[in-house]
Amino acid sequence: MRLSSYFLPVLRENPKEAEIVSHRLMLRAGMVQQASAGIYSWLPLGLKVLKKIENIVREEQNRALAQEILMPTIQSADLWRESGRYDDYGKEMLRITDRHERDMLYGPTNEELITDIFRTHVRSYRDVPLNLYHIQWKFRDEVRPRFGIMRGREFLMKDAYSFDVDFASAKASYNRMFVSYLKTFSRMGLTAIPMRADSGPIGGDLSHEFIILADTGESEVFYHRDWEDLSWDDGGIDYHADLQPIVDRWTGTYAATDEMHDAANCPVPAADLRQRRGIEVGHIFHFGTKYSNPLGARVATPDGKEVDVYMGSYGIGVSRLVGGVIEASHDDDGIIWPTAVAPFHVGVINLKVGDTDCDRQAADLYAKFNIGGFDALLDDRDERAGAKMATMDLIGLPWQVIIGPRGMKNGVVEVKNRRTGERAEMTPEAAMNKIMS
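Residues numbered from 1 in each chain as written. Predicted model: local features only at pLDDT ≥ 70, side-chain atom pairs only at ≥ 80, totals over all residues. Heavy atoms only, no water.

**Looking at the overall build of the protein chain**
Heads up, the rule is: Strands are runs of DSSP state E lasting at least two residues, helices are runs of H or I lasting at least four, and both sets are numbered from the N terminus onward. Note on method: radius of gyration uses C-alpha positions; expected globular size equals 2.2 Å times residues raised to 0.38. Classification of residues uses two cut-offs on accessible area relative to the type maximum, computed with a 1.4 Å probe and protein chains only: under 20% is buried, over 50% is exposed, and between them is partly exposed. Two residues qualify as a contact provided that any one of their heavy atoms is within 4.5 Å of a heavy atom in the partner residue. For accessible areas, the Shrake-Rupley method is used with a probe of radius 1.4 Å. Any residue's cover is judged against the shown protein chains and nothing else. Counted as positive: Lys and Arg. Counted as negative: Asp and Glu. His and the chain ends are not counted at all. Taken as the charge location is NZ of Lys, CZ of Arg, CG of Asp or CD of Glu.
In terms of helices and strands, the protein chain carries twelve helices and 23 strands. The globule rule puts the C-alpha radius of gyration for 437 residues at 22 Å, and the 24 Å found for the protein chain is close to it. By principal-axis analysis of the C-alpha atoms, the protein chain measures approximately 80 × 60 × 45 Å. The burial tally for the protein chain puts 53% of its 437 residues in the buried class. Contacts in the protein chain between residues at least 24 apart in sequence constitute 71% of all its contacts with a sequence separation of at least 6. Working note: accessible area of the protein chain is about 19,400 Å², and carbon and sulfur atoms make up 47% of it. A gap of 4 Å separates the mean positions of the 53 positive and 65 negative side-chain charges of the protein chain.

Here's what the structure looks like:
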């Protein structure tokens, strides 16, 4: 993409309404625009990142034996009355009446709807375990939306739902999602700490939040200092195998949200306990027969007896992750995207548009990067060099290749690593090899 024709409405000044880093940088980098309180339009740069995160989530869900479907955003209130949650959910649910005076709602979650799909089509233990997921926009009418997309009213979410014949197999499904989440966040350059958590209005007796540490997080978290050295290395996961040892390894080190932390009985010595703030980017629940029982989702066992299925629910805030990555990876100059979710892999900066050698070299590198499968952004604007450099730092592409008249006289370009700040002059061929390797 050529920046001269790309819609990238960057802002020079910090927006006054932005309270946290991710909100400020997303507005400044032209990623989103607020449509109304807690609701945003996603502009080209922001949408590219959102789609990359969505695809990583999708790939890891598919590897973990989940199957993708798509459920509607608008649901019937009748299903929620069957489960008993319609009146209990509270004012966060946006309730709607259609032209026929039927009660509808804009779905904040999908336990009822997915259970209805299951009970309509599945009758036998032979058809479970089953895990169905979708990636869909949801709406929760936050009383005070803030922090940009981090606590908005409309958001993109991946929610998966597992169905099993008994607790043992339901726990195996839970473990698959647990491990899948570790892999998902690791691919995005994040270390997400699983913490035992309260299930809230979704219900259930087994629940973990996945928290990334950030000073602007909405939750206070407590953890053993060993977490600071822990990293994920899957070595290849067989999702048909027993994954309990992996889960045990990742839950064996103390970590808890403020809701679950008991200061008086904390097992961690004070010298080893760390306290920071964190951002929830995923939440998984096992809730047994909480929904299958009232909604009649049952399967026949081998002896012909009908039993309520055991269910779990597994959510990842896809749009929230965009902000979460920025909170975890930025500096004073702007965003620093991990390669896997960067909107472009490399920015090619032509410092002297109109100079024959600079124009030729910039166009050549830009074409070769794209042919080689590296998504490149070419800054071919007739703009000051300082402004071009500032824009590239702001939008945070992993690599920059800087082409100027002085370098062209010596047959070299400058390569900058956005994360480390390291700069080096080299031939254009060497620059391509360095970046594409």
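**Some details on the environment of Glu327**
Tracing the sequence through the fold places Glu327 in helix α8 (residues 318-328). C-alpha separation for the pair Glu327 and Met311, spaced 16 residues apart in sequence, amounts to 33 Å. Residue contacts for Glu327: discarding those within four places in its chain leaves Ile20, Val21, Ser22, Ala214, Thr216 and Ile279.

**Remarks on the sheet that holds strand β19 (residues 346-350)**
Basically, it comes down to this: Pairing between strands is defined by DSSP: at least two bridges between the two strands are required. Between N-to-C directions, angles cover 0 to 180 degrees, with each direction set by a line fitted to C-alpha atoms, over the stretch in contact for helices.
Read from one edge of the open sheet, five strands run β20-β19-β21-β22-β23, paired in mixed fashion. With one partner strand each, in any of the chains shown, β20 (376-379) and β23 (423-426) form the two edges of the open sheet. With strand direction ignored, the average angle separating the axes of adjacent strands in the sheet is 20 degrees. As judged from the four bridges shared by strand β22 (residues 413-417) and β23, these two strands associate in the antiparallel manner. Across the sheet, the residue bridging to Val415 is Ala424, located in β23. Of the strands in this sheet, β19, β20, β21 (399-403) and β22 touch helix α9 (residues 356-371), which is tilted by about 170 degrees from β19. Taken strand by strand, helix α10 (residues 385-395) contacts β19, β20, β21, β22 and β23, and its axis lies near 175 degrees from that of β19.

**Comments concerning the sheet that holds strand β6 (residues 103-106)**
If you trace the three strands from one edge of the open sheet to the other, you get β4-β6-β5, paired in antiparallel fashion. The open sheet has two free edges, formed respectively by β4 (74-76) and β5 (94-97), since each of these has just one partner strand. Sheet twist, expressed as the mean angle between neighbouring strand axes with direction ignored, is 35 degrees. One ladder, built from three bridges, connects β4 with β6; its direction is antiparallel. Counterpart to Ser76 in the pairing with β6 is Met104.

**Re the side chain of Thr391**
As for its placement among the helices and strands, Thr391 is situated in helix α10. The exposure class of Thr391 is buried, given its relative accessible area of 9%. In this structure Thr391 touches Leu8, Val10 and Arg381, once residues within four positions along its chain are discounted.

**What about the pattern of salt bridges?**
Definition in use: Basic side-chain nitrogens of Lys or Arg form a salt bridge, by our definition, when they fall within 4 Å of a carboxyl oxygen of Asp or Glu.
Throughout the structure, instances matching the rule amount to 28 salt bridges. The shortest N-O distance in the salt bridge between Arg406 and Glu425 comes to 2.6 Å. In this pair, Arg406 is assigned in helix α11 (residues 405-409) and Glu425 in strand β23, connecting sequence segments 19 residues apart. Judged by relative accessible area, Glu425 falls into the partly exposed class, the value being 44%. When salt bridges with common partners are traced through the structure, they connect Glu59, Glu60, Arg63, Lys183 and Arg187 into a single cluster.

**What about the pairing of strand β10 (residues 206-213)?**
Put simply, side chains in a regular strand alternate between the two faces of the sheet. Of all eight residues in β10, six are buried; the element is thus mostly enclosed. Taken together, the four bridges between strand β9 (residues 193-196) and β10 define a ladder with antiparallel strand orientation. Its bridge partner lying in β10, Ile193 is registered against Ile211.

**Section: the pairing of strand β11 (residues 219-224)**
The buried count for β11 comes to six of six residues, which makes it a mostly enclosed element. Where burial is concerned, the two faces of β11 agree: the one with Ser219, Val221 and Tyr223 and the one with Glu220, Phe222 and His224 are both buried. Of the pairings in the sheet, the one linking β11 to strand β13 (residues 273-288) comprises six bridges and is antiparallel in character. Looking at the pairing, Val221 lines up with Arg276 of β13. Bridge count between β11 and strand β12 (residues 255-257): three bridges; the pairing is antiparallel.

**Comments concerning the nonpolar core**
The cut-off we apply is this: Nine residue types can take part in a nonpolar core, namely buried Ala, Val, Leu, Ile, Met, Phe, Trp, Tyr and Cys, and a core is a set of them joined through side-chain atoms within 4.5 Å.
Counting residues in hydrophobic clusters, the biggest one holds 78 residues, and the most contacted among them are Met31, Ile53, Phe185, Val322 and Trp337. Among the elements that make up this core, the one with the highest residue count is helix α5 (residues 167-187) (seven residues). Counting residues in hydrophobic clusters, the runner-up holds 25 residues, among them Phe118, Leu132, Leu295 and Ala297.

**A look at the packing of α9 against helix α12 (residues 428-436)**
Rule in force here: Just so you know how the angles are binned, under 35 degrees is roughly parallel, over 145 roughly antiparallel, 65 to 115 roughly perpendicular, and the rest oblique. Each crossing is labelled by how the near helix is turned from the far one, with a counterclockwise turn of less than a right angle marking it left-handed and a clockwise turn marking it right-handed.
Between α9 and α12, whose axes approach to 11 Å, the crossing angle comes to 30 degrees. The pairing of α9 with α12 is recorded here as roughly parallel in orientation. Viewed along their axes, α9 and α12 form a crossing whose handedness is right-handed. Where α9 abuts α12, its residues Gln361, Leu365, Lys368 and Phe369 lie against Pro428, Met432, Ile435 and Met436.

**Some words on the packing of aromatic side chains**
As a reminder of what qualifies: Stacked, tilted and edge-to-face are the three classes assigned to paired rings of Phe, Tyr and Trp, where Trp is represented by its six-membered ring and a pair needs centres within 6.5 Å; plane angles under 30 degrees give stacked, over 60 edge-to-face, the rest tilted.
Scanning all chains against the criterion turns up eleven aromatic pairs. Between Tyr181 and Phe185, the ring centres sit 5.9 Å apart and the planes meet at 85 degrees, which makes this aromatic pair edge-to-face. Taken as a pair, Tyr181 and Phe185 lie in helix α5 at a separation of four residues, close to a single helical turn. Like Phe185, Tyr181 is buried. Geometrically, the ring pair formed by Trp227 and Trp250 is tilted, given 5.6 Å between the ring centres and 50 degrees between the ring planes. Here Trp227, found in the loop between β11 and α6 (244-251), pairs with Trp250, found in helix α6; they are 23 residues apart in sequence, far enough to count as distant.

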